[in-house]
Amino acid sequence: METITYKGRDYALRFGWGAQYLYEAMQGVEADGHVRPFNPNSVWDLHRMLYAALTAYNRETFTDDFAAFVAELEARPADARRWTERLVGEIAAWGESLRTGQPPEGKKKADAPPAP
């Protein structure tokens, strides 16, 4: 898990189901009723996913709405780029964890508890 400093405060930058759900809720649907897919080549999609990730995993402390978040990205373009690059790394680690069954940080997944 990464940590970023946003407006002078440290926030966890993680990716997982929570961020994916929030992103899809923001994304809207196509004419055929399907959620528009994430496009990693779209700055719009990357910044909305970054917002979703920060919101999902910092619920108690990250309170900016999307407009305030975009204003901060515009004020700090170098930070915005760095945060987006870190997000892409978190997405890749999460995808790998789904493939391997190991947590994103390489720690051994806990065994399931014994059946009663």
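Residues numbered from 1 in each chain as written. Predicted model: local features only at pLDDT ≥ 70, side-chain atom pairs only at ≥ 80, totals over all residues. Heavy atoms only, no water.

Chemist: Would you explain the side chain of His47 in this entry?
Modeler: In this structure, His47 sits in helix α2 (residues 43-57). On the basis of relative accessibility, which here comes to 19%, the residue His47 falls in the buried class. Excluding residues that lie within four positions of it along the chain, His47 makes contacts with Phe66, Phe69, Leu73, Ala80 and Thr84. (Helix = DSSP H or I, 4+ residues; strand = E, 2+ residues; numbered from the N terminus. Buried < 20%, exposed > 50% of the residue type's maximum accessible area, 1.4 Å probe, protein only. Contact = heavy atoms within 4.5 Å.)

Chemist: What exactly am I supposed to notice about helix α1 (residues 17-27) here?
Modeler: One full turn of an α-helix is made of 3.6 residues, so residues set three or four places apart face in the same direction. Taken together, the buried positions of α1 are occupied by Ala19, Gln20, Tyr23 and Gln27. In a view along the axis of α1, the buried residues occupy a sector of 100°, so they form one face of it. α1 presents Tyr21 and Ala25 as exposed residues on the side facing more than 90 degrees away from its buried surface. Elements in contact with the buried residues of α1: α2. (Arc of directions from axis to C-beta.)

Chemist: How do you make sense of the pairing of strand β2 (residues 9-13) when you look at a structure like this?
Modeler: Here is the key point about a regular strand: its side chains alternate between the two faces of the sheet. The pairing of strand β1 (residues 2-6) with β2 spans five bridges and is classified as antiparallel. Within the sheet, the bridge partner assigned to Tyr6 lies in β2 and is Arg9. Between the antiparallel neighbours β1 and β2 lie two residues, among them Lys7 with a positive phi of about 50°. (Pairing = 2+ DSSP bridges.)

Chemist: Which parts of the structure should I look at to understand the packing of aromatic side chains?
Modeler: Each aromatic ring pair is summarised here by two numbers: the centre-to-centre distance and the angle between the ring planes. All told, the structure shown has 15 aromatic pairs when counted by the stated rule. Ring geometry for Tyr11 and Phe62: centres 5.3 Å apart, planes at 90°, overall edge-to-face. Separated by 51 residues along the polypeptide, Tyr11 in strand β2 and Phe62 in the loop between α2 and α3 (66-75) bring together distant segments of the chain. Owing to a relative accessible area of 5%, Phe62 belongs among the buried residues under this scheme. Ring geometry for Trp44 versus Phe66: centroids 5.8 Å apart, planes at 85°, classification edge-to-face. Of the two residues, Trp44 sits in helix α2 while Phe66 sits in helix α3, which places them 22 residues apart along the sequence. The residue whose ring lies beneath Arg14 is Tyr57, and the NZ or CZ to ring-centre distance is 4.2 Å. (Phe/Tyr/Trp six-rings, centres within 6.5 Å; stacked < 30°, edge-to-face > 60°. Lys NZ or Arg CZ within 6 Å of the ring centre and 35° of its normal.)

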